[in-house]
Amino acid sequence: MADAAETVKKTVEQTTAKAKAQAESIQAAGAQAFREGVDKSVASLSELNAHGKKNLEAVVESAAAAQKGAEALSQQAVAYGKKTWEDGVAAAQSFSQARSMQELFELQTNWAKSAAEAYLAEFGKATETMTASVKDSFKPINERVSAAVEQFQGAR
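Quick notes on the rules
Residues numbered from 1 in each chain as written. Predicted model: local features only at pLDDT ≥ 70, side-chain atom pairs only at ≥ 80, totals over all residues. Heavy atoms only, no water. Helix = DSSP H or I, 4+ residues; strand = E, 2+ residues; numbered from the N terminus. Rg over C-alpha atoms; globule rule 2.2 N^0.38 Å. Buried < 20%, exposed > 50% of the residue type's maximum accessible area, 1.4 Å probe, protein only. Contact = heavy atoms within 4.5 Å. Expected span 1.5 Å × (residues − 1). Bend = angle between axes of the 7 residues up to and from the residue. Phe/Tyr/Trp six-rings, centres within 6.5 Å; stacked < 30°, edge-to-face > 60°. Polar contact = N/O pair within 3.5 Å; in protein donor to acceptor, adjacent residues only side chain to side chain. Salt bridge = Lys/Arg side-chain N within 4 Å of Asp/Glu carboxyl O. Patch = residues over 30% accessible without salt bridge, like charges linked within 9 Å, V, L, I, M, F, W, Y side chains within 5 Å. Areas by Shrake-Rupley, 256 points an atom, 1.4 Å probe, with all protein chains shown as cover.

Here's the deal with the overall build of the protein chain
Now for step 1: Tallying secondary structure elements over the protein chain gives two helices and zero strands in all.
Now for step 2: For 156 residues, the compact-globule estimate of 2.2 N^0.38 gives 15 Å, and the C-alpha radius of gyration of the protein chain, at 40 Å, exceeds that figure by more than 25%.
Now for step 3: By the burial criterion, 8% of the 156 residues in the protein chain qualify as buried.
Now for step 4: A separation threshold of at least 6 residues defines the contact pool for the protein chain, and within that pool the share at least 24 residues apart is 79%.

Regarding helix H2 (residues 101-155)
Now for step 1: Taking 1.5 Å as the rise per residue, H2 with 55 residues should run 81 Å; its terminal C-alpha atoms sit 79 Å apart, in good agreement.
Now for step 2: Residue Lys139 marks the point of greatest curvature in H2, where the axis turns by about 35°; the proline Pro140 follows within four residues.
Now for step 3: Taken residue by residue, H2 has Glu122, Thr129, Ser133, Ser137, Pro140 and Arg144 as its buried positions.
Now for step 4: Against the buried residues of H2 lie helix H1 (2-96).

Things to note about H1
Now for step 1: Compared with an ideal rise of 1.5 Å per residue, which puts 95 residues at 141 Å, H1 spans 139 Å between its outermost C-alpha atoms and is within 8% of the ideal.
Now for step 2: Those residues of H1 lying buried are Ala58, Ser62, Ala65, Gly69, Gln76 and Ala91.
Now for step 3: For H1, the elements touching its buried residues are H2.

A few points about the packing of aromatic side chains
Between two aromatic rings, the relevant description is the distance of the centres plus the angle of the planes.
Now for step 1: The final tally for this structure, using the stated rule, is two aromatic pairs.
Now for step 2: With a centroid separation of 6.2 Å and an interplanar angle of 90°, the aromatic rings of Phe95 and Trp111 are classed as edge-to-face. Of this pair, Phe95 sits in helix H1 while Trp111 sits in helix H2, and the two are 16 residues apart along the sequence.
Now for step 3: Geometrically, the ring pair formed by Tyr119 and Phe123 is stacked, given 6.2 Å between the ring centres and 25° between the ring planes. Of this pair, Tyr119 and Phe123 both sit in helix H2, four residues apart, which is roughly one turn of the helix.

Examining the environment of Gln76
Now for step 1: By secondary structure assignment, the location of Gln76 is in helix H1.
Now for step 2: The spatial distance from the C-alpha of Gln76 to the C-alpha of Val8 is 100 Å, given a sequence separation of 68 residues.
Now for step 3: For Gln76, the side chain forms a polar contact with the side chain of Thr129, separated by 2.7 Å.

A word on the pattern of salt bridges
Now for step 1: Applying the stated criterion across every chain yields a total of one salt bridge.
Now for step 2: A salt bridge links Asp87 to Lys83, with the nearest nitrogen and oxygen atoms 2.8 Å apart. In this pair, Asp87 and Lys83 both sit in helix H1, four residues apart, roughly one turn of the helix.
Now for step 3: Of the residues examined, Asp87 reaches a relative accessible area of 34% and is grouped as partly exposed.
Now for step 4: Note on Lys83: relative accessible area 44%, which makes it partly exposed.

So, a nonpolar patch on the surface
Now for step 1: Residues Val59, Ile141, Val145 and Val149 make up a contiguous nonpolar surface patch of roughly 290 Å² in combined accessible area.
Now for step 2: Ranked by residue count, the leading element in the nonpolar patch is H2, at three residues.
Now for step 3: On the basis of relative accessibility, which here comes to 38%, the residue Val149 falls in the partly exposed class.

Encoded structure:
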């Protein structure tokens, strides 16, 4: 009977040792999986933070380009307004020196033609400036969108 008790005792001890080893193995695997999950989450958050920073930089760069374009348009408008005013004053002076109605009509016609041509030239110049400004403003944002699309396609 003592041998049977000893055998049972040994079997229980062996089973307990095996169960303990399996529990420790399961716990170690669970801890490893948890660490890997946390590491992946931290890496993902770091990557997300880097993308957010790059996106913010792109928005700031875009706003700076838009401001630069607005300043250029403003300077062009002021210069055109000043030139138009000076041309108008010069035209008025020449109109007042006309010796006949025919000469006055010719002066007015020439002034109106040159004013219209100057306006169209200035409009074209402003359009070019606006187009360049919009292009420069959207460039950093387009680059970020392209980078994001490439990253999403690479993840598939």
